[in-house]
Every structure is written in structure tokens, then in C-alpha cells.
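# Close look at the chain arrangement
Each chain is listed here by its residues.
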Amino acid sequence: MQTAQKCVMILEIQISYERMLMQMRIEKKKLENFIIEYPLEKIAPLEEILFLDIETTGFTAKNSSLYLIGAAYYKEESWYIRQWFADRYDEERDVLEAFFAFAASYTHLIHFNGNNFDLPYLMQKFEQYELPYDFERFQGIDLYRRISPYKFFLNTPNCKQKTLEAFLGITRQDKYHGGQLINIYHAYVRNSTEFQYRLLILHNSDDMKGMLQLIPLLAYYDLFNGKIRAKKVQAASYQDGDGRTRNMLLMKLLFPCTLPRPVFALSNGCCFSGEGQEGTLKVPIYEEELKYFYSNYRDYYYLPAEDTAIHKSVSSFVDRSYRVQASAATCYTRKYSSYLPQWDVQITPFFKRDYKSPELFFELTEERKQDRELFSEYAEYILHKMAGL
């Protein structure tokens, strides 16, 4: 009896769902000859990835309506966009149920700033309608969060979706922003026209297509989170603005990915340029006398006449009148050499100009000049510092 009842319930749910789909406006579009110039399959099989974008009449679910959910997906070697549209305010539950029924077979969810808006908004709607949905089973990728830490290298004023689309040279048919479309949707509900409907659908469709086209920007995330290889390292000289000859370290780099657009950045005296899968990093070489500070200064004497510190184990050779107890600021030895900058203790031993000086350096020794692995790690470190990470 229980089995029969369950079968009846399942059948009723299926009939209700099919009836709902018959009433709801659903758009499906194939993106002809569309290719993503990025190995997205390294994140997950393409057939398991679903892109998401929603359209609402406000920022909080309690006081606004969800009127459209858009999704992009890969099937049979082509990309598609599917959109569920609420003709009336009371159809938003139908939109939610239809989307989650469709999303059931996917494992990865990609969105743009969805962690801040789309997902929390949908979760509030689930609660409002007492729907048993959540996003716990999905592996999530927020493109905004992946890309925004590196906007210094992109040289963009912000990381809004349309700004990044402009950076990549992406054009869209839609000329509206989401806020402008709120009144259009309200007008559509009062007196529906096909023109209004097409404006609303087009905006979301362009958002979905734009999101797909932004995927190559993940190469900048990979640049900072993958392995960079220094394939050539050499010293070079140049003339500064005052006509003085300066030395620099010139590194030719190989990236773990292909950058969609060339980038150029200057910071902390360093210069970086990247294009395709290769880049150049220039770092100043400092030819000067720096100080190495010993941490255990209580075990040292400072010799004012020599401007250096010596360990107490050898102090018997120095007259008492020529030595004083070393302090943290005077416990050092001096060395003239070639140095490279670092902004925290990355490579030891490290040198400083003075005890309170914030700049740190490490010596460019002959042995280090041959250490390609060290320079690969150093290049990664410099790029992170240039990005402010």
C-alpha cells in the first residue's frame, strides 16, 4: 500500500512539474561556433559545469521578486543558454523549482559575484517558499572573486562584469543595466509586450554569454596560483632619468597558462610585462654596502672604530676601550655586494641598510645566479607583491 501511494505521489509531482513547464516561458538558445579559449575541463568535465545568473527587482529576497534565472551549459559539443522567466510575480516559485530540477545532474556551479548576491538571494527565496534546496553539493567558482585580486595587472577601474568585458573587447547587444530593467519588468507584468520581454531576456542572455567569454580571465588567477618558470635569467644595465647607469635582473618567464590580453605593471621599482604564455620581469640590482644584523646581540660587542660587531668568543683580542656591548641596532657586519630586494623574509640571510629600515635584501651570490628554481620562486614572490597580495 505504501509503495502504491509513493508511486502515485511521484506521478503527481511529475504531472505538476510538466504542467508548470508548459505554462512557464522558457528560452533555449544554442551558441553557434562558440569556443572558450581556456581549458575549463581542468576544473571539471564540461558536461558537469553549470553557469548561473539571476535577475530580480531588488537586492533583498523579502522585498523583491525573482523574475528570471539564466543558465549556460555544455551538451553534445556545443554551449547553450537556457532561461526560466516568470510572466507574473507569483511564478517565481515555479522558476526556482524548474531551475533546480534542471541543475540536478551538475556538480560545478560558476557565477559572477554570486557569493555576494545570487546564491544568498536564492537561499532566501528557498526559505520563503520552504523549498528543500541548497548549494552544498556544488563545487562553486565565483569569477569575480577569482579575478578581482589581480585588477592591478589588468589596469581596470573596477572588476564589474561589463568592465571586464570591455577589457577583453567583448561587445553586447544589450544596452541596459539591471537597475533600468526593474521598471521594465514591472511594466511587463501590468501590460505584457513582446518588446519588453525580449529586452529582459536579452540582458540576461548577454550576461550569460559574457560570463562564458570572461572565462579566459582565469588565466590571471592561474598566473598567481600556478608555477612560473624562469627560463632565462641575466643581468642588464640601463640609464636612469639622471643619466646614471643602473643594473637590473632580467628574467624571461614561462607561465602555466595563456593570457588572453597583454598586461603591464610597475610597482616597487619592478617592471612586469606578459603576453600569451611568456613574460618579462625586471628587478633592480643594488650595488652597495648593506648590513647583516645578528639576532643574538647579547653575545656580541660593537666596535665603534670599525663600525662592526664581533662575537664575544673572539673579543679577547680587542682592547676593552675599543668595544662596547652591542645592541640590537649595532649588532651587524657590513658587506659591499650585489643585492636583490625583498619585502619580507623570503630568502635568507637578509640584509638591511639600517636597523629600522623597512627594506630587506638578499645577496646575489655566484651560486644563486645559477639557481633557476630560486629565481622561479622569486618571480612568483615579486608578482604577488606587485599585486599587493
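These lines cover the structure that appears in this document, whether it is placed above or below. Remember, predicted model here, so these are calculated numbers, not experimental data. (Residues numbered from 1 in each chain as written. Predicted model: local features only at pLDDT ≥ 70, side-chain atom pairs only at ≥ 80, totals over all residues. Heavy atoms only, no water.)

Here we take up unusual backbone geometry. Residue proline 349 follows threonine 348 across a cis peptide bond; omega there is -5°. Here proline 349 shows up in the loop between strand S13 (332-342) and strand S14 (350-351). One non-glycine residue with positive phi stands out, namely asparagine 33, at about 55°. With respect to the helices, strands and loops of the structure, asparagine 33 is situated in the loop between strand S1 (25-31) and strand S2 (49-56). The exposure class of asparagine 33 is exposed, given its relative accessible area of 79%. With a phi close to 55°, asparagine 155 is a non-glycine residue in the positive phi region. Position of asparagine 155 relative to the elements: it lies in the loop between helix H5 (151-154) and helix H6 (161-167). Taking relative accessible area as the criterion, asparagine 155 reaches 66% and is therefore assigned exposed. (Helix = DSSP H or I, 4+ residues; strand = E, 2+ residues; numbered from the N terminus. Buried < 20%, exposed > 50% of the residue type's maximum accessible area, 1.4 Å probe, protein only.)

This part takes up helix H2 (residues 92-103). An ideal rise of 1.5 Å per residue puts 16 Å on 12 residues; H2 measures up with 16 Å between its terminal C-alpha atoms. All buried positions along H2 are accounted for by Glu92, Val95, Leu96, Ala98, Phe99, Phe100, Phe102 and Ala103. (Expected span 1.5 Å × (residues − 1).)

Side chains of Glu367, Asp371, Glu373 and Glu377 sit close together on the surface and give a patch of like negative charge. Its place among the elements puts aspartate 371 in the loop between helix H10 (366-369) and helix H11 (372-386). (Patch = residues over 30% accessible without salt bridge, like charges linked within 9 Å, V, L, I, M, F, W, Y side chains within 5 Å. Areas by Shrake-Rupley, 256 points an atom, 1.4 Å probe, with all protein chains shown as cover. Salt bridge = Lys/Arg side-chain N within 4 Å of Asp/Glu carboxyl O. Lys, Arg positive; Asp, Glu negative; His and termini not counted. Charge placed at Lys NZ, Arg CZ, Asp CG, Glu CD.)

Spatially, S1-S4-S3-S2-S5-S6 is the arrangement adopted by the 6 strands of the open sheet, whose pairing is mixed. Each end of this open sheet is capped by a strand with a single partner; those strands are S1 and strand S6 (139-142). On average, each strand axis in the sheet is inclined to that of its neighbour by 20°, with strand direction left out of account. Taken together, the 8 bridges between strand S3 (residues 66-75) and strand S4 (residues 78-85) define a ladder with antiparallel strand orientation. Pairing of tyrosine 73 across the sheet is with tyrosine 80, part of S4. The sheet strands contacting H2 are S2, S3 and S4, and the helix crosses S3 at an angle near 15°. Where helix H3 (residues 118-128) meets the sheet, it contacts S2, S3 and strand S5 (108-111), and its direction lies at approximately 70° from that of S2. (Pairing = 2+ DSSP bridges. Axes fitted to C-alpha atoms, helices over the stretch in contact; angles between N-to-C directions. Contact = heavy atoms within 4.5 Å.)

As far as function goes, none of this settles anything; it's purely spatial.
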